[in-house]
Amino acid sequence: MRDFDEHNITQSVIERFGNTPDPRLKTILNSLVTHLHDFIRDVDLTFDEWQAAIKFLTRTGQQCTDTRQEFILLSDTLGVSMLVDAINHRQRNGATQTTVLGPFFVDNAPHLPLGADISGKAEGEPLYANGVIRNVDGKPLANATVEVWQCNTDGFYDVQISPELNLRAEFHTDDQGRFHFWSILPSSYPIPYDGPVGDLLQATRRHPYRPAHLHFMISAPGHETLVTHVFVKGDQYLDSDAVFGVKNSLIEEFRQHAPGSAPDGRQMTQPWRSFSYDFCLKAAT
Ligand code: BEZ
Ligand code: FE
């Protein structure tokens, strides 16, 4: 076939992929070509716009390093990451809701005993966190792995500012499924905006901020690993998270306390905060 025009080219491209042996790949490519061509026709894409798009995607790739994934950041800010998350976690059956992993997880966080303080040298308002990990039937999960990571008071994660790991840890629940640890109150913070994704946010008058949160990744044998956050109630960015990650069920009150005795007996000489959050894991299928 020759003489492709703006109407018949789509079907011809789809047919060219007709011998794809992997049926799932074939389905995905058919849909991709259909939607991509429809999109280009819909906006009447000009040559200049096509070139700008190629340049933008090239810069996005060039911004990627071992520690910076600008394509995932683009996916996050376009709502694609949360859309994929939603499609893949349709049936929660009472299990805790999920949200984005984000770029700041590392798999070699220090293993700490329950009750440890993960704030290291970071200064801020002390925060006492505790909760229980259960299955959907309400049974506590002993020895579940609780990985936690968060930013400091200035809104930076350890990996953004220093080679030393801080404000992150791996804990294991006790025989009643409980965990508790000390940290500091996290801040709202901007996602990295010094690259093409930041340029896109600026061009569209969007701010780069995420509401304050702690990240949790929780796993236990025979259960789906849970990737989620606990958000600080009252944060000004809860309704405009740059990556669309907020869910009401993940927002918790971070209670304020006057100096005095904390639940684990620690004597606090300054005001401090606390939150409790119980997580529920779904059985693996
Ligand atoms: C985060 O919460 O760490 C995060 C998530 C998505 C993009 C950037 C940061
Ligand atoms: Fe985060």
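The following paragraphs examine the structure supplied in this document. (Residues numbered from 1 in each chain as written. Chains lettered and ligands numbered in written order. Predicted model: local features only at pLDDT ≥ 70, side-chain atom pairs only at ≥ 80, totals over all residues. Heavy atoms only, no water.)

### Here we look at empty space enclosed by the protein
Empty space left among the atoms is revealed by rolling a probe the size of a water molecule over them. The tally for this structure, following the rule as stated, stands at 2 cavities of 30 Å³ or more. Volume-wise, the largest cavity comes out at about 90 Å³. Its residues assigned to classes, the lining of the largest cavity comprises 8 nonpolar, 2 polar and 2 charged. By volume, the second largest cavity is sized at about 40 Å³. Lining of the second largest cavity is provided by His89, Arg92, Thr98, Glu224, Thr225, Leu226, Cys280, Leu281 and Lys282. A per-class count over the lining of the second largest cavity returns 3 nonpolar, 3 polar and 3 charged. (1 Å grid on protein atoms, 1.4 Å probe; cavity = no way out; pocket = protein on both sides within 12 Å on 5 of 7 lines; lining within 4 Å. Points joined across faces, edges and corners; volume = space filled by probe spheres on them. Nonpolar A, V, L, I, M, F, W, Y, C, P; charged D, E, K, R; others polar.)

### Looking at the packing of aromatic side chains
This structure, assessed with the given rule, holds 15 aromatic pairs. Consider the rings of Phe216 and Phe279, whose centres lie 4.8 Å apart with planes at 50°: the pair is tilted. Here Phe216, found in strand S7 (residues 213–219), pairs with Phe279, found in strand S14 (residues 279–281); they are 63 residues apart in sequence, far enough to count as distant. Residue class for Phe279 comes out buried when judged on its relative accessible area of 1%. (Phe/Tyr/Trp six-rings, centres within 6.5 Å; stacked < 30°, edge-to-face > 60°. Helix = DSSP H or I, 4+ residues; strand = E, 2+ residues; numbered from the N terminus. Buried < 20%, exposed > 50% of the residue type's maximum accessible area, 1.4 Å probe, protein only.)

### Some points on the coordination of the iron ion (ligand 2)
At 1.9 to 2.1 Å from the iron ion (ligand 2) lie its protein donor atoms, namely Tyr157 (OH), Tyr189 (OH), His213 (NE2) and His215 (NE2). For the iron ion (ligand 2), the 6 donor atoms in the first shell make angles of 54 to 162° at the metal, so the coordination geometry reads as irregular. All donors to the iron ion (ligand 2) come from one chain, and their sequence spacing reads Y-x31-Y-x23-H-x1-H. For the pair shown, His213 and His215 are each scored as buried. (Donors = N, O, S within 2.8 Å, 3.2 Å for Na, K, Ca; no water. Tetrahedral: all angles 85-135°; square planar, octahedral: opposite > 155°, others 65-115°.)

### So, a nonpolar patch on the surface
A grouping of Leu32, Leu36, Phe39, Ile40, Val43, Leu45, Phe47, Trp50 and Ile54 is seen on the molecular surface, where their side chains present a nonpolar patch of about 850 Å² in accessible area. For the nonpolar patch, the elements supplying multiple residues, two or more each, are helix H2 (23–43) and helix H3 (47–62). Among the elements that line the nonpolar patch, the one with the most residues is H2, at 5 residues. Mapped onto the secondary structure, Val43 falls in helix H2. (Patch = residues over 30% accessible without salt bridge, like charges linked within 9 Å, V, L, I, M, F, W, Y side chains within 5 Å. Areas by Shrake-Rupley, 256 points an atom, 1.4 Å probe, with all protein chains shown as cover. Salt bridge = Lys/Arg side-chain N within 4 Å of Asp/Glu carboxyl O.)

### Brief notes about the packing of H3 against helix H7 (residues 196–203)
For the pair H3 and H7, interaxial distance at closest approach is 9 Å and the crossing angle is 135°. Judged by the inter-axis angle, H3 sits oblique to H7. Every residue of H7 that contacts H3 at Phe56, Arg59 and Thr60 is listed here: Pro196, Val197, Asp199 and Leu200. Classifying every residue of the contact of H3 with H7 gives 4 nonpolar, 1 polar and 2 charged. (Axes fitted to C-alpha atoms, helices over the stretch in contact; angles between N-to-C directions. Parallel < 35°, antiparallel > 145°, perpendicular 65-115°, else oblique. Contact = heavy atoms within 4.5 Å.)

### Digging into the environment of Asn88
With respect to the helices, strands and loops of the structure, Asn88 is situated in helix H5 (residues 80–88). For Asn88 and Thr98, which are 10 residues apart along the polypeptide, the C-alpha to C-alpha distance reads 10.0 Å.

### Thoughts on the pairing of strand S1 (residues 126–135)
With 8 of 10 residues buried, S1 lies mostly within the body of the structure. Where S1 lies against strand S4 (residues 178–184), 7 bridges are found, and the strand directions are antiparallel. Following the sheet pairing, Val132 is matched in S4 by Arg178. When S1 meets strand S13 (residues 272–276), the two strands line up parallel, connected through 4 bridges. (Pairing = 2+ DSSP bridges.)

### As for unusual backbone geometry
In most cases, non-glycine residues show a negative phi, while peptide bonds are predominantly trans. In this model, Arg205 sits at a positive phi of 55°, which is unusual for a non-glycine residue. Assignment of secondary structure puts Arg205 in the loop between H7 and strand S6 (209–210). Not every positive phi belongs to a glycine, and Phe244 is a case in point at roughly 60°. By the element assignment, Phe244 lies in the loop between strand S8 (226–232) and strand S9 (251–252). Taking relative accessible area as the criterion, Phe244 reaches 44% and is therefore assigned partly exposed.

### A closer look at the packing of helix H1 (residues 9–16) against H2
The contact between H1 and H2 brings their axes to 9 Å, and the two run at 160°. Accordingly, the angle class assigned to the pair H1 and H2 is roughly antiparallel. H2 is crossed by H1, and the crossing has right-handed handedness. For the pair formed by H1 and H2, the contact residues are Ile9, Thr10, Val13 and Ile14 on the first element and Asn30, Val33, Thr34, His37 and Arg41 on the second. Each residue belonging to the contact of H1 with H2 can be placed in one class, and the counts come to 4 nonpolar, 4 polar and 1 charged. (Left-handed = near helix turned anticlockwise from the far one by under 90°.)

Note that every value here comes from positions in space, so none of it alone points to a role or purpose.
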